[in-house]
Amino acid sequence: VIIKIVKSQRLFYHKGTSKDVNTMKTLAEYHDIIIHLRADIQQHYHEFMRNPNDIETIHTLRVSIRQLRSLISFIRPLLNQKDYRIIQSKCRQLHQSSSDLRNLDVLMLDWVTFQEQYKTLRDYSNLSNLFQEQREYLKQEVMIYDFKTLFDETFSMINLTLTACHCNNFQKFVDIRLNKWARSIKKLSKSNKDIHVLRIKYKKLRYVQTALELEVMDLKELKKSQDILGDLNDTYTAIILLDDYSSRFKHLELDDDISLFKGYQLLKRENLLKSLN
C-alpha cells in the first residue's frame, strides 16, 4: 500500500542549496523562526480560549505546536540530548492536552458527512447528543489546563538550550539533515511499516521545509500523501472512540447508531486503501 503513495512523488536531492530559494545561513536565524512561532502559538491559544466552540481554533493551535516539535526535532544533533528529551516531553504534553478534544472534533465532522449521506435512514439524535455532551466536557478540560505555565517553562528551556548551541556551518547542517530526512521517508515508504510513523515523517519534513523555505521533496505531494494517510489513520481512531462510547454508555438505540457509523468508517477505510493502489 505505502509503496504506491510515494511513486507519484518527485523526490530530488541537492548538493548545497538551490539558488532560487532563500537559505538558512545561521543558527540565530533558525532561533528567530522559533521565537516567531512562539508568538503564533500564544495567539492561537488565546483564540481558542475566546472561542472554544470553533473547532478550527484548537486545530490551528495543535498544528503550530507540531511545527515547533518538528523544528526542534530537526536540530536534535546540535542539542544537549538530555535537554532535547525534556523539551520534547514538554512539547508533547502541550500537544496531548488537546488530543482528545481534536479527535472528537474530527469524528463529529465525519458524523455530519455520514448523516448527510444517509439522512433518510433514521433519526441520529442519540449519538449526536452524546457527541455534543462529550465535546463540552473535553472543551472544559482543555480550558482549565494550565497551558500557560507549561508553555512558558518549555520556551524558557528552548531559548536557553539554543543560546548555548553552536554550529560552525549551519547551512551545511541544514542541507545534510533535510536530505537525510527525505531518504528516511523514501526508505520507509518502500516497506509495509507503520502508516502512522510515515505520516508523522511527512508532516515533520513538510513543516521544516516550509519554515526554512527549502525543498528536497515536493511540498504539494508531501501534503497530499500526508492527508491520505491522515484520513486513513482517522478511521482507526474513530472506531476506538466509538467502541469506548459503546462500552461506557449502554443504550440500545445508541448502539445502533454506533454500529452504523462504525460500518461507515470501515467502508471509508476500504475506499481509502483502494485509492492508494
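These numbers were taken from a predicted model, which means no experiment stands behind them. (Residues numbered from 1 in each chain as written. Predicted model: local features only at pLDDT ≥ 70, side-chain atom pairs only at ≥ 80, totals over all residues. Heavy atoms only, no water.)

J.: Explain the confidence of the model for the protein residue by residue, including any values.
T.: This prediction gives the protein a mean pLDDT of 87; 89% of its residues lie at or above 70. Note on residues 1-21: pLDDT is under 50 here. Beyond four places in sequence and across chains, it has 50 contacts. (pLDDT = per-residue confidence, 0-100. Contact = heavy atoms within 4.5 Å.)

J.: Break down the packing of helix α3 (residues 55-74) against helix α8 (residues 170-189) for me, citing the residues and quoting the values.
T.: Remark: α3 packs on α8, axes separated minimally by 11 Å, with the N-to-C direction vectors making an angle of 110°. The orientation of α3 relative to α8 falls into the category roughly perpendicular. For the pair formed by α3 and α8, the contact residues are S70, S73 and F74 on the first element and F173, V174, R177, L178 and W181 on the second. (Axes fitted to C-alpha atoms, helices over the stretch in contact; angles between N-to-C directions. Helix = DSSP H or I, 4+ residues; strand = E, 2+ residues; numbered from the N terminus. Parallel < 35°, antiparallel > 145°, perpendicular 65-115°, else oblique.)

J.: Could you give me a rundown of helix α6 (residues 125-144), with the residues and numbers involved?
T.: Taking 1.5 Å per residue, 20 residues should reach 28 Å; α6 reaches 29 Å between its end C-alpha atoms and fits that length. The set of residues buried in α6 consists of L127, S128, L130, F131, Q134, R135, L138, K139 and V142. One side of α6 carries all its buried residues, which in axial view fall inside an arc of 165°. Residues of α6 that are exposed and point more than 90 degrees away from the buried face comprise E133, Y137 and I144. If you follow the buried residues of α6, they end up packed against α2 (27-50), α3, α5 (99-117), α10 (219-248) and α11 (252-275). (Expected span 1.5 Å × (residues − 1). Buried < 20%, exposed > 50% of the residue type's maximum accessible area, 1.4 Å probe, protein only. Arc of directions from axis to C-beta.)

J.: Describe unusual backbone geometry, with residues and values.
T.: With phi around 55°, E213 is a residue other than glycine that occupies positive phi space. Residue position: E213 is located in the loop between α9 (195-212) and α10.

J.: Explain the nonpolar core residue by residue, including any values.
T.: Judged by nonpolar contacts, the single largest core of 66 residues is most densely connected at F74 and F131. No other element matches the eight residues that α8 contributes to this core. In contact with F131, not counting residues within four places along its chain, are L104, L107, M108, W111, L242, Y245 and F261. (Core = buried A, V, L, I, M, F, W, Y, C linked by side-chain atoms within 4.5 Å.)

J.: Help me get a handle on the packing of helix α4 (residues 81-96) against helix α7 (residues 147-163), residues and values and all.
T.: Closest axis-to-axis distance for the α4/α7 pair is 10 Å, and the angle between their directions is 155°. Relative to α7, the element α4 is oriented roughly antiparallel. For the element pair α4 and α7, the recorded crossing hand is left-handed. Counting all contacts with α4, which are made through D83, I86, I87, K90, C91, Q93 and L94, the residues of α7 involved are F147, L150, F151, E153, T154, M157, I158 and T161. In terms of residue class, the contact of α4 with α7 is made up of nine nonpolar, three polar and three charged. (Left-handed = near helix turned anticlockwise from the far one by under 90°. Nonpolar A, V, L, I, M, F, W, Y, C, P; charged D, E, K, R; others polar.)

J.: Give a description of α7 that names residues and reports values.
T.: Spanning 17 residues, α7 covers 24 Å between terminal C-alpha atoms, matching the ideal 24 Å at 1.5 Å per step. Those residues of α7 that sit buried are F147, L150, F151, T154, F155, M157, I158, T161 and L162. The buried residues of α7 occupy one face: seen down the axis, they fall within an arc of 160°. Opposite the buried face of α7, by more than 90 degrees, sit the exposed residues K148, L160 and T163. Looking at the buried residues of α7, the elements they touch are α2, α3 and α4.

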